[in-house]
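In case you want the letters, here they are:
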Amino acid sequence: MALYKSISGTVSNELIEPGQNKIIEELLISNTHGSTTATVDLYIHDATSTYYFLKGTSIPTGVSLVLDNAFLKFNNSISAFGLYIKLGAGTVDVVINTN
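Here the structure is a predicted model, which means the values were calculated and not measured. Numbers given for residues are sequential positions, taken from 1 along each chain in its written order. Since the coordinates come from a predicted model, pLDDT governs what is reported: local features require at least 70, and pairs of side-chain atoms require 80 or more to be given and counted, while whole-chain, interface and lining totals use all residues. Side-chain numbers come from the whole structure's heavy atoms, not from hydrogens or water.

### Description of the nonpolar core
Next, step 1: Leu 27, Leu 42 and Leu 83 are the most contacted members of the largest nonpolar core, which has 24 residues in total.
Next, step 2: Where helices and strands are cited, they refer to DSSP runs of H or I of at least four residues and of E of at least two residues respectively, numbered from the N terminus. Elements with a contribution of two residues or more to this core: β1 (2-8), β2 (13-16), β3 (24-31), β4 (38-45), β5 (50-59), β7 (82-89) and β8 (91-98).
Next, step 3: For this core, the element with the highest residue contribution is β4, accounting for four residues.
Next, step 4: Contacts are assigned to residue pairs that have any heavy atoms within 4.5 Å of one another. Not counting residues within four places of it along the chain, the set of residues in contact with Leu 27 comprises Leu 42, Leu 65, Val 66, Leu 67, Leu 72, Leu 83, Val 94, Val 95 and Ile 96. Here, the term nonpolar core denotes a set of buried Ala, Val, Leu, Ile, Met, Phe, Trp, Tyr and Cys residues that are joined through side-chain atoms within 4.5 Å. For every residue, the accessible area obtained with a 1.4 Å probe (protein chains only) is divided by the maximum for its type, and the residue is called buried under 20%, exposed over 50%, and partly exposed between those limits.

This is the structure:
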């Protein structure tokens, strides 16, 4: 199953909420802005902790970044972590392949 999100602005956006029991096979982040480099934070968060997969990572215009399940393993059960993205600049599309 694939999840699709278009992200803009500089607020945190929930990609996968806690409790969905999703296992990510692959995640694609594509910079869709015509001229601005996207600056991306990708992280997991629960009630008390935040852990970053990407922090301030620059993705140039027209470039995509692919992360696979060897890199994106985390507990997504009830009362566990959700997956979030926050942009410092730019716009991106996110595609998440889950099982």
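This is not the end of the story, as more comes after the structure.
### Structural notes on the packing of aromatic side chains
Next, step 1: Note on ring pairs: Phe, Tyr and Trp rings are taken, using the six-membered ring of Trp, and paired if centres are within 6.5 Å. Classes follow the plane angle, with under 30 degrees stacked, over 60 edge-to-face and the rest tilted. Tallied over the entire structure, the rule returns five aromatic pairs.
Next, step 2: A centroid spacing of 5.8 Å and a plane angle of 70 degrees characterise the contact between Tyr 51 and Phe 81, whose relative ring orientation is edge-to-face. Here Tyr 51 is found in strand β5, whereas its partner Phe 81 is found in the loop between β6 (64-68) and β7, with 30 residues between them in sequence.
Next, step 3: In this structure Tyr 51 comes out as partly exposed when scored by relative accessible area, which is 47%.
Next, step 4: A relative accessible area of 16% places Phe 81 in the buried class.
Next, step 5: Ring centres 6.2 Å apart and planes at 50 degrees place the aromatic pair Phe 53 and Phe 74 in the tilted group.

### Regarding the pattern of salt bridges
Next, step 1: One speaks of a salt bridge when a side-chain nitrogen belonging to Lys or Arg is within 4 Å of a carboxyl oxygen belonging to Asp or Glu. Within this structure, the stated rule accounts for one salt bridge.
Next, step 2: With a closest N to O distance of 3.6 Å, Lys 55 and Asp 41 form a salt bridge. In this pair, Lys 55 sits in strand β5 while Asp 41 sits in strand β4, placing the two residues 14 residues apart along the sequence.

### Some remarks on the environment of Leu 15
Next, step 1: By the secondary structure assignment, Leu 15 is in strand β2.
Next, step 2: Once the C-alpha coordinates of Leu 15 and Val 94 are considered, the two residues, 79 residues apart in sequence, prove to be 8.7 Å apart.
Next, step 3: Once you skip the residues sitting within four places of it in the chain, Leu 15 turns out to touch Leu 3, Lys 5, Ile 7, Leu 42, Leu 83, Tyr 84, Ile 85, Val 94 and Ile 96.

### A few points about the pairing of β8
Next, step 1: Burial of β8 is one-sided: the residues Val 92, Val 94, Ile 96 and Thr 98 facing one way are buried, the residues Thr 91, Asp 93, Val 95 and Asn 97 facing the other way are not.
Next, step 2: Strands qualify as paired when DSSP identifies two bridges or more between them. The pairing of β1 with β8 spans seven bridges and is antiparallel. Residue Ser 8 lies in a different strand from β8, and its bridge partner there is Thr 91.
Next, step 3: Relative to β8, β3 runs antiparallel, the two sharing seven bridges. Across the sheet, the residue bridging to Ser 30 is Asp 93, located in β8.

### Re the sheet that holds β8
Next, step 1: Spatial ordering of the open sheet is given by β1-β8-β3-β6, a layout of four strands whose pairing is antiparallel. Looking at the sheet topology across the chains shown, the edges are occupied by β1 and β6. Across the sheet, the axes of successive neighbouring strands diverge by a mean angle of 15 degrees, strand direction being ignored. Lines are fitted to the C-alpha atoms to define the axes, a helix being fitted only along its stretch in contact, and any angle between axes, read from their N-to-C directions, falls within 0 to 180 degrees.

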